[in-house]
Amino acid sequence: MKLGKPNGRVRIVPSVLAADFAHMGDSVRQIEKEADWIQLDVMDGHFVPNLTFGPDMVSALKKETDLPIDVHLMIAKPWKFLSSFASAGADLLTVHLEACPRPGIILESIRKLGVKVGLAIKPRTPLSRALPYLSFLDLLLVMTVEPGFGGQRLVRETLSKIQKAREIILRKKLPLWLQVDGGINHRTAPLAVSAGADSLVAGSAIFRSKNPVGAIRSLRRIVNGVHVTSDI
Ligand code: DX5
């Protein structure tokens, strides 16, 4: 299944970082009918002070679901791993601007691998630093927490950055997903969507709930009532 194009409908993207690592396949199968994509948070203990999984997790989950697999690379020197994640079956590869000395070249190389291209910025990274690369992208990820751990609270100051990004995407008529990640739950999801996000990554709010399927349904119900500030 492909990522599709932004069309104003908000995508719900469960992050498996919060799933039961001992039963990852079961967790993904449990929610796959309700979710739009799944996100794998790849961490290397260098770019962020945490360590998760590598390309083998992508290939393992590729066998468990047809959902598009969104791979969020929170790693140093991401260019060293792009082809192994692409060959493992990633549908989207998102690299951090802060980890890319030559972002244009790295984004182009993701494109050449036949994979959708994402660029992420941390809360303290100004949006202006990402603007020169928007034309290379399929997705811009405005992190709503400092990357590294799930279960954090959304950094409220990032909402204005999301709003600004949405205005620019609209003005330039860019076919870009505007994704948020970190502290997204039934309270903060409407704030993110009304600021302009149309792809919501949520880990704890889904996999730490008693009913992950119900959690996705209620997130979708809540945001469906909210206007994405865009006419896409
Ligand atoms: C941080 C991770 C988390 C995760 C979602 O590096 O990227 O944001 O995906 O975590 P929750 O939804 O639990 O805040």
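Everything below is about the structure printed above this text.
The structure contained in this document is the topic of the report that follows. (Residues numbered from 1 in each chain as written. Predicted model: local features only at pLDDT ≥ 70, side-chain atom pairs only at ≥ 80, totals over all residues. Heavy atoms only, no water.)

1. Quick notes on helix α1 (residues 24–31)
- Among the residues making up α1, those that are buried are Met-24, Gly-25, Ser-27, Val-28 and Ile-31. Down the axis, α1 shows its buried residues gathered within 160° of arc, on one side only.
- Tucked inside the fold, the buried residues of α1 contact β1 (11–14), β2 (38–43), α2 (55–62), α7 (204–207) and α8 (212–224). (Buried < 20%, exposed > 50% of the residue type's maximum accessible area, 1.4 Å probe, protein only. Helix = DSSP H or I, 4+ residues; strand = E, 2+ residues; numbered from the N terminus. Arc of directions from axis to C-beta. Contact = heavy atoms within 4.5 Å.)

2. Some points on the site of the ligand
- Of all residues adjacent to the ligand, which total 20 residues, the nearest are Asp-41, Gly-148, Asp-181, Gly-203 and Ser-204.
- Asp-181 is positioned with one of its side-chain polar atoms (N or O) 2.5 Å from an oxygen atom of the ligand.
- Its free accessible area being 370 Å², the ligand has 98% of it covered by the protein chains.
- Elements supplying a minimum of two residues to the shell around the ligand: β2, β3 (69–74) and β8 (199–202).
- When residues in the shell around the ligand are grouped by element, the largest group, three residues, is from β2. (Near = heavy atom within 4 Å. Polar contact = N/O pair within 3.5 Å; in protein donor to acceptor, adjacent residues only side chain to side chain. Areas by Shrake-Rupley, 256 points an atom, 1.4 Å probe, with all protein chains shown as cover.)

3. Some thoughts on the nonpolar core
- Among the nonpolar cores identified, the biggest contains 68 residues, and Leu-40, Val-71, Leu-73, Leu-93, Val-95, Leu-140 and Leu-200 are the most heavily contacted of them.
- The biggest single contributor to this core is helix α5 (residues 158–171), with five residues.
- Residues contacting Leu-140, with those up to four places away along its chain left out, are Leu-119, Leu-127, Ala-130, Leu-134, Ala-165, Leu-176, Trp-177, Leu-178 and Gln-179. (Core = buried A, V, L, I, M, F, W, Y, C linked by side-chain atoms within 4.5 Å.)

4. Focus: α5
- Its 14 residues place the ends of α5 20 Å apart at the C-alpha level, agreeing with the 20 Å of an ideal helix rising 1.5 Å per residue.
- Taken as a whole, α5 has its buried residues at Thr-158, Leu-159, Lys-161, Ile-162, Ala-165, Arg-166, Ile-168 and Ile-169.
- The secondary structure elements touched by the buried residues of α5 are β5 (116–121), β6 (139–143), β7 (177–181) and α6 (189–195).
- Once α5 finishes, Lys-173 follows within two positions and takes phi at roughly 50°, a positive value. (Expected span 1.5 Å × (residues − 1).)

5. What to know about the pattern of salt bridges
- Summed over the entire model, instances satisfying the criterion amount to twelve salt bridges.
- A salt bridge links Lys-2 to Asp-91; the shortest N-O distance between them is 3.9 Å. One end of the pair, Lys-2, is in the segment before β1; the other, Asp-91, is in the loop between α3 (82–88) and β4 (92–96), with 89 residues separating them in the sequence.
- Using a relative accessible area of 68% as the deciding quantity, one classes Lys-2 as exposed.
- Here Arg-29 makes a salt bridge to Asp-26, at a shortest N to O gap of 2.3 Å. One end of the pair, Arg-29, and the other, Asp-26, are both in helix α1, three residues apart, so they sit about a helical turn from each other.
- Salt bridges here are not isolated pairs; linked through shared partners, they connect Lys-2, Lys-62 and Asp-91. (Salt bridge = Lys/Arg side-chain N within 4 Å of Asp/Glu carboxyl O.)

6. Focus on the sheet that holds β2
- Across the sheet, eight strands lie side by side as β1-β8-β7-β6-β5-β4-β3-β2; this open sheet has parallel pairing. Of all the strands in the sheet, the pair left with one neighbour each is β1 and β2. Along the sheet, successive strands turn relative to each other by an average axial angle of 25°, direction set aside.
- Relative to β7, β6 runs parallel, the two sharing five bridges. When the bridges of β7 are listed, Val-142 appears paired with Val-180.
- Where helix α4 (residues 103–112) meets the sheet, its contacts fall on β4 and β5, and the angle it forms with β5 comes to roughly 150°. (Pairing = 2+ DSSP bridges. Axes fitted to C-alpha atoms, helices over the stretch in contact; angles between N-to-C directions.)

Fair warning: the whole summary comes from geometry, so function is off the table for now.
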